[in-house]
Amino acid sequence: EKGGHRHFMAKEIAEQPVVLADAIAHYLQDSGITLPEPGLDFTQIDRITMVACGTAFYACHVAKYWFEQIARLPVEADIASEFRYREPPIPARSMALFVSQSGETADTLAALRYTEGKADRIVSVVNVLESSIARGSDLPLPILAGAEIGVASTKAFTCQLTVLFLLAIKAGLDRGTLTEAEAEAHLATLRNLPGLMNHALQTAPEIERVAKELAEARDILFLGRGAMYPLAMEGALKLKEISYIHAEGYASGELKHGPIALVDKTVPVVVLAPSDALFDKTVSNMQEVMARGGKVLLVTDAEGAHAAREGTWRTLVMPGVPPILAPILYALPAQLLAYHTAIAKGTDVDQPRNLAKSVTVE
Ligand code: F6R
């Protein structure tokens, strides 16, 4: 049942190119982006409130960048345990969007109940269509990841992102902030992602070597800018969940506002940075780390590796991808880093201590 892999997590990481291709084929038909009835009309929506927990929340946080950039739509993304008790106002013409692999997370379900009768539309992005969250929404959208058994979420995250990206494109088209040609270019990039993911997975042996050294660390920082910032938090979450190494994800620009005080030669800093418009700024953040003896593990593309050149401790080179979709591709090295670091430490990867796959009590 593990398909020849040592752990469910390894299997679930490895099958992402296939499940992603399935999800893309399901939603992207000849006529364009196809949603189940009753569909969605983003001309009726002025704002999206996204709510989730853990990894699913980081998917929302990435999607906030997409909806804002592609569809010029204001988005609030919040964790369910805060949202539900804050009693936030839900203005008219709001869409509430809940993301949950299991569809049974207690806080997310309670947040959904709070928006009933307040939001114009309640949409969910779920892996389990027979779940309470799916049944409680007026448009449940399956992510089609297949059963996810490993406690640490991997393929559900990249499939959630895929569905959210398609929604952002649909929103851009409906609202006229995106031309057909621009949308087609984004969708072509999305269709190419499974192939790029296969290439990214080939860095596993290199990641395994780096992970042996990361396993010695007590604290690890993850940095990213733009939509790579939530991915930095996801990378840190994955690592702490299964390797029990303390890790924090930060926006690169926040480094000098505090966390840089932690940096010395014992604290590796993982920088998730495709070569994009903000790459130079990230390079200067890296230099600040290196000037304090910090060991930088840079995850970038060939262009970024060339531009950053000297001083990094290790560099992992990913295939080139248009920056907007980099969070999906770079999720793979983040997952592999966590996985191989946990293996090097000998922890129970599929059943980490203190964690349950589905958190049905608050
Ligand atoms: C992290 C992880 C958790 C879940 C969170 C939400 O690897 O698995 O953070 O993402 O408990 O679960 P769902 O998506 O089922 O609502």
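What counts, and at which threshold
Residues numbered from 1 in each chain as written. Predicted model: local features only at pLDDT ≥ 70, side-chain atom pairs only at ≥ 80, totals over all residues. Heavy atoms only, no water. UniProt positions renumbered as here; feature names shortened; annotations may be inferred. Helix = DSSP H or I, 4+ residues; strand = E, 2+ residues; numbered from the N terminus. Rg over C-alpha atoms; globule rule 2.2 N^0.38 Å. Buried < 20%, exposed > 50% of the residue type's maximum accessible area, 1.4 Å probe, protein only. Contact = heavy atoms within 4.5 Å. Areas by Shrake-Rupley, 256 points an atom, 1.4 Å probe, with all protein chains shown as cover. Lys, Arg positive; Asp, Glu negative; His and termini not counted. Charge placed at Lys NZ, Arg CZ, Asp CG, Glu CD. Pairing = 2+ DSSP bridges. Right-handed = clockwise from strand over helix to strand, strands pointing away. Core = buried A, V, L, I, M, F, W, Y, C linked by side-chain atoms within 4.5 Å. Near = heavy atom within 4 Å. Polar contact = N/O pair within 3.5 Å; in protein donor to acceptor, adjacent residues only side chain to side chain. Nonpolar A, V, L, I, M, F, W, Y, C, P; charged D, E, K, R; others polar. Phe/Tyr/Trp six-rings, centres within 6.5 Å; stacked < 30°, edge-to-face > 60°. Lys NZ or Arg CZ within 6 Å of the ring centre and 35° of its normal.

An unreviewed UniProt entry lists the protein chain under the name Glutamine--fructose-6-phosphate aminotransferase [isomerizing], from Pacificitalea manganoxidans. According to its UniProt record, the protein chain has this under Function (unreviewed entry): "Catalyzes the first step in hexosamine metabolism, converting fructose-6P into glucosamine-6P using glutamine as a nitrogen source." The protein chain has a UniProt comment under Subcellular location (unreviewed entry) that states "Cytoplasm".

Participant: Outline the overall build of the protein chain, listing residues and values.
Facilitator: A tally of helices and strands in the protein chain yields 13 helices and 12 strands. Relative to the 2.2 N^0.38 estimate, which gives 21 Å for 362 residues, the radius of gyration of the protein chain is 20 Å and therefore close to what a compact globule would have. Within the protein chain, the fraction of its 362 residues that count as buried is 59%. A fraction of 75% describes how many contacts in the protein chain between residues 6 or more apart in sequence connect residues 24 or more apart. Surface exposure of the protein chain reaches about 14,400 Å², of which carbon and sulfur atoms provide 51%. The centroid of the 33 positive side-chain charges in the protein chain is displaced by 5 Å from the centroid of its 43 negative side-chain charges.

Participant: Residue-level account of the pairing of strand 11 (residues 295-301), with values.
Facilitator: Both faces of the sheet carry side chains from a regular strand, because those side chains alternate between them. The buried fraction of strand 11 amounts to 6 of the 7 residues, a majority that puts the element mostly inside the structure. Where strand 10 (residues 268-272) meets strand 11, 5 bridges bridge the pair, whose relative direction is parallel. Its bridge partner lying in strand 11, Leu272 is registered against Val299. Taking the sense of rotation as the criterion, the β-α-β connection linking strand 10, helix 11 (residues 279-291) and strand 11 turns out right-handed. Where strand 11 and strand 12 (residues 314-318) come together, 5 bridges link them in parallel fashion. Of the residues in strand 12, the one forming a bridge with Val299 is Leu316.

Participant: Go over the nonpolar core, please, and point to the residues and values.
Facilitator: One finds Ile48, Trp66, Phe67 and Leu97 to be the most contacted residues of the largest nonpolar core, which totals 100 residues. Residue contributions to this core peak at 12 residues, all from helix 7 (residues 155-175). Setting aside its immediate chain neighbours within four residues, Leu97 contacts Ile48, Thr49, Met50, Val51, Val123, Val125, Leu164 and Leu167. Ranked by size, the runner-up nonpolar core spans 16 residues in total, among them Val269, Ala273, Phe279 and Val296.

Participant: Tell me about the site of the ligand, and please be specific about residues and values.
Facilitator: As a matter of local geometry, the ligand sits amid 14 residues, with Ser100, Gln101, Ser102, Thr105 and Glu241 nearest to it. Between an oxygen atom of the ligand and a main-chain N or O atom of Thr55, the distance comes to 3.2 Å. Contact distances for the ligand include 2.7 Å between an oxygen atom and a side-chain N or O atom of Glu241. In isolation the ligand has 410 Å² of accessible area, and contact with the protein removes 90% of it. Residue assignment for the shell around the ligand shows that the elements contributing at least two residues are helix 3 (54-71) and helix 10 (228-243). Tallied by class, the residues present in the shell around the ligand amount to 5 nonpolar, 7 polar and 2 charged.

Participant: Got a sec to walk through the packing of aromatic side chains? Specific residues and values, please.
Facilitator: One pass over the structure, following the stated rule, counts 4 aromatic pairs. Summarising the aromatic geometry, the rings of Phe57 and Tyr58 are spaced 5.6 Å apart at their centres and angled 55° between planes, so their arrangement reads as tilted. The residues Phe57 and Tyr58 share a single accessibility class, namely buried. For the pair Trp66 and Phe165, a centre-to-centre distance of 5.0 Å together with 80° between the ring planes defines the contact as edge-to-face. Linking Trp66 in helix 3 with Phe165 in helix 7, this pair joins segments that are 99 residues apart in sequence. Directly above the ring of Tyr114 sits Lys118, whose terminal nitrogen or CZ lies 3.8 Å from the centroid. One residue, Lys295, lies across the ring of Trp313, its end atom 4.4 Å from the ring centre.

Participant: Run through the pairing of strand 9 (residues 246-251), naming residues and quoting values.
Facilitator: Burial along strand 9 is one-sided: Ala247, Gly249 and Ala251 are buried, and none of His246, Glu248 and Tyr250, which face the opposite way, are. Taken together, the 6 bridges between strand 8 (residues 219-224) and strand 9 define a ladder with parallel strand orientation. Considered in strand 9, the bridge of Gly224 is made with Ala251. Crossover handedness for the path strand 8 to helix 10 to strand 9: right-handed.

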